[in-house]
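A look at the structure
Take a look at the letters that make up each chain.
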2 protein chains.
Amino acid sequence: MSLRHAVLGLIVELDGASGYDLMKLFEISLANVWTATQSQVYGELAKLTADGLIEVAAEGPRGRKEYRATDAGREELRRWLVEEQPRPARRDGVLLKVFFLGQLEPGRARAYLRDSAALMGERRDGLAALQEEVTWGDDNLSLYGRLTLEYGRRFFEMRKEWAEWAEAELARHAAPPEDADHA
Amino acid sequence: MSLRHAVLGLIVELDGASGYDLMKLFEISLANVWTATQSQVYGELAKLTADGLIEVAAEGPRGRKEYRATDAGREELRRWLVEEQPRPARRDGVLLKVFFLGQLEPGRARAYLRDSAALMGERRDGLAALQEEVTWGDDNLSLYGRLTLEYGRRFFEMRKEWAEWAEAELARHAAPPEDADHA
DNA sequence: AATTGACATGTCAAAACTGGAAGGTCTAGA
DNA sequence: TCTAGACCTTCCAGTTTTGACATGTCAATT
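Residues numbered from 1 in each chain as written. Chains lettered and ligands numbered in written order. Predicted model: local features only at pLDDT ≥ 70, side-chain atom pairs only at ≥ 80, totals over all residues. Heavy atoms only, no water.

Looking at an unreviewed UniProt entry, one finds chain A named PadR family transcriptional regulator, with Nonomuraea montanisoli as its source organism.

Given below as structure tokens:
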């Protein structure tokens, strides 16, 4: 149940936020960390309220509801942070395709990896640009947000290099093998 | 719907497999690529059969059912491989915690990153050992499986280095800042 | 005055996933 | 002979996620 803590965590750190605020944060700040749809965010907000971990602190102009964490909520966040974590389930659609790339013609398989490398490069550049652009504050959200952004950059960089390596590996297999003492 | 194609893909590549066979492959071969529980595997097998993408080719000794892909199944796998892929949803429980690590005392936050780095190192070593141990055949499953295994190794390596970097970054913030022209 | 677009929430059905429980078969070794 | 362990399948209840649809407010532009 991590969505719960993602929502709770944001409310604690921001010291008050609306569902709409959270949605935007999920789209931007948490994009590479945890995704959530709008219906999930509002649903979780309702559940957290029912469980007494957050409460509506104020109601704004357009039906806006400003949520704030209760003491129980802050406690629950800490509990979760310290808690042992089960092995995360890794699921990766791109990797899954690579696993079955043998069903495609060698040329197509290599093209897939080339495209993938290019895409990863773009994403890496996007995050790198973000890192340069954004002026960071001094608060915790900034500090730890910076760490996760750097993670994203490294992640895409790694993926790009791996895809390039894999493509070369495929090329090596497609080409007639040459002896080491050749050339 | 990637589980569907993971199951279908394995059946195509193995040219026949039982639910039990697939489960083991999900535990070992696909562990870093796509996870599935036993109930998911058997459920998907039933659905794929109903949709005519696979069929029971033979029944073995212990109630074992050997599934094989139909032509429609092989076609569907190819279609999926070539198809455009939507942006994958990235979800990472460890990263999520890092994002909110500001709620913990600095010492605990750093300890979390240190532990994380150590764990990632272990996993990397585990995969590296696997790479050495396993004798690979010449079939497609081996070739592409090798690529994904190497991915896993690089992934954990990257994470380890990142966690170490992040820990150092936190240390830098905790310590009184010194001038560049000091020392 | 009308329109566009950002702001803002609520609800729902369907699909996917989790974490079991339950039951049966065959093989090798004590 | 017994029994532990690998083999093998089926079913299910509960939770999470997806991908909409529906509704309305307010501010600025045309």
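1. Examining the relation of the copies chain B and chain A
Rule in force here: The superposition of copies rests on a least-squares fit of C-alpha positions from residues with pLDDT of 70 or more in both. We call two residues contacting when some pair of their heavy atoms lies within 4.5 Å.
Expressed as a screw transformation, the operator carrying chain B onto chain A has a rotation angle of 180° and an axial translation of 0.0 Å, and the superposed copies differ by an RMSD of 0.1 Å. Taken together, these values place the two copies in the relation of a two-fold axis. The rotation axis passes nearest to the C-alpha of M158 of chain B in chain B, at a distance of 3.6 Å. Most of the interface of chain B is mirrored in chain A, where 100% of its interface residues are also at the interface.

2. Describing the packing of aromatic side chains
Residue and element names in this part refer to chain A. How we decide: Think of it this way: a Phe, Tyr or Trp ring, Trp meaning its six-membered ring, pairs with another when their centres are within 6.5 Å, and the plane angle makes it stacked under 30 degrees, edge-to-face over 60, tilted otherwise. Only protein chains enter the calculation, and the probe is 1.4 Å; a residue is then buried if its accessible area is under 20% of its type maximum, exposed if over 50%, and partly exposed in between.
Per the stated rule, a full pass over the model turns up nine aromatic pairs over all chains. Ring geometry for F99 versus F100: centroids 5.3 Å apart, planes at 80°, classification edge-to-face. Accessibility assignment for this pair places F99 and F100 in one class, buried. Their ring planes at 75° and their centres at 5.4 Å tell us that F155 and F156 sit as a pair that is edge-to-face.

3. Here's the deal with the interface of chain B and chain A
Formally: The buried area of a pairing is the accessible area, by a 1.4 Å probe, that goes missing from both parts when the two are put together, added over both. Salt bridge, as used here: a side-chain nitrogen of Lys or Arg that lies within 4 Å of a carboxyl oxygen of Asp or Glu.
Contacts between the two partners involve 67 residues from chain B and, on the opposite side, 67 residues from chain A. Taken over both partners, the interface formed by chain B and chain A buries close to 6,900 Å², and the fraction arising from carbon and sulfur atoms is 65%. Our enumeration of links across chain B and chain A arrives at two salt bridges. We note a salt bridge from R78 of chain B to E105 of chain A, for which the minimum N-O separation is 2.8 Å.

4. So, the protein's contact with DNA strand D
Applicable threshold: The cutoff for a nearby residue is simple: one of its non-hydrogen atoms must lie within 4 Å of the molecule or strand. N or O atoms closer than or at 3.5 Å make up a polar contact, with two conditions inside protein: a donor-capable atom paired with an acceptor-capable one, and, for residues adjacent in sequence, both atoms drawn from side chains. Only DSSP runs of H or I with at least four residues qualify as helices, and only runs of E with at least two residues qualify as strands; both kinds are numbered from the N terminus onward. Residues were grouped as follows: Ala, Val, Leu, Ile, Met, Phe, Trp, Tyr, Cys and Pro as nonpolar; Asp, Glu, Lys and Arg as charged; and all remaining residues, including Gly, as polar.
Neighbouring DNA strand D are 20 residues, the closest being M1 and S39 of chain A together with Y42, K65 and R91 of chain B. Taking all atoms of DNA strand D within 4 Å of the protein, the share assigned to sugar and phosphate is 66%. Here Q38 of chain A contributes a side-chain N or O atom positioned 3.4 Å from a base nitrogen of DNA strand D. Listing elements by their share of the surface near DNA strand D, those giving two or more residues are α3 (38–50) of chain A together with α2 (19–27) and α3 (38–50) of chain B. Broken down by class, the residue content of the surface near DNA strand D amounts to six nonpolar, nine polar and five charged.

5. What about the protein's contact with DNA strand C?
For DNA strand C, the set of nearby residues contains 20 residues, the closest of which are Y20, Y42 and K65 of chain A together with M1 and S39 of chain B. The share of sugar and phosphate among atoms of DNA strand C within 4 Å of the protein is 66%. Contact between DNA strand C and K65 of chain A: a phosphate oxygen at 2.6 Å from a side-chain N or O atom of the residue. Contact between DNA strand C and Q38 of chain B: a base oxygen at 3.1 Å from a side-chain N or O atom of the residue. Listing elements by their share of the surface near DNA strand C, those giving two or more residues are α2 (19–27) and α3 of chain A together with α3 of chain B. The biggest single contributor to the surface near DNA strand C is α3 of chain B, with four residues. Taken together, the residues of the surface near DNA strand C sort by class into five nonpolar, nine polar and six charged.

6. Some points on the side chain of E76 of chain B
Among the secondary structure elements, E76 of chain B is positioned in helix α4 (residues 71–82). Those residues in contact with E76 of chain B that sit more than four places away from it in its chain are H5, L8 and L53 of chain B.

7. Some thoughts on α2 of chain A
Every buried residue belonging to α2 of chain A is among G19, D21, L22, M23, L25 and F26 of chain A, and all of these are buried. Buried residues in α2 of chain A make contact with α1 (2–14), α3 and β2 (65–69) of chain A.

8. A look at the nonpolar core
Worth spelling out the cut-off: Put simply, a nonpolar core is a bunch of buried Ala, Val, Leu, Ile, Met, Phe, Trp, Tyr and Cys residues held in one set by side-chain atoms that sit within 4.5 Å of each other.
Of all hydrophobic cores here, the largest spans 102 residues; its most connected members are F26 and L101 of chain A together with F26 and L101 of chain B. Setting aside chain neighbours within four positions, we find F26 of chain B in contact with L3, A6, V7, L10, A31, W34, T35, A36 and V41 of chain B.

9. A closer look at α3 of chain B
Residues and elements named next belong to chain B. Applicable threshold: Helix span is expected to be 1.5 Å times the residue number reduced by one. By definition, the arc is the one covered by directions from the helix axis to the C-beta atoms.
Across its 13 residues, α3 extends 19 Å between first and last C-alpha, which sits within 8% of the 18 Å expected from 1.5 Å per residue. Among the residues making up α3, those that are buried are V41, E44, L45 and L48. Viewed end-on, α3 has its buried residues packed into an arc of 110°, placing them on one side of the element. For α3, exposure combined with an orientation more than 90 degrees from the buried face picks out S39 and A50. The positive-phi residue at the C-terminal boundary of α3 is G52, with phi of around 75°.

10. As for the pairing of strand β1 (residues 54–59) of chain B
Residues and elements named next belong to chain B. What counts here: DSSP-based pairing: two strands are paired if at least 2 bridges between them are found.
Note that β1 and strand β2 (residues 65–69) share five bridges and pair antiparallel. Looking across to β2, one finds that I54 is bridged to A69. Between β1 and β2, which follow one another and run antiparallel, lie five residues, and G63 among them has a positive phi close to 75°.

11. Section: the environment of V94 of chain A
Here V94 of chain A lies in helix α5 (residues 93–99). Assessed through its relative accessible area of 11%, V94 of chain A is described here as buried. A sequence separation of 19 residues divides V94 of chain A from L113 of chain A, and the C-alpha atoms of the two residues are 9.5 Å apart. Apart from the residues within four sequence positions on either side, V94 of chain A is in contact with Y112, S116 and R159 of chain A together with Q85 of chain B.

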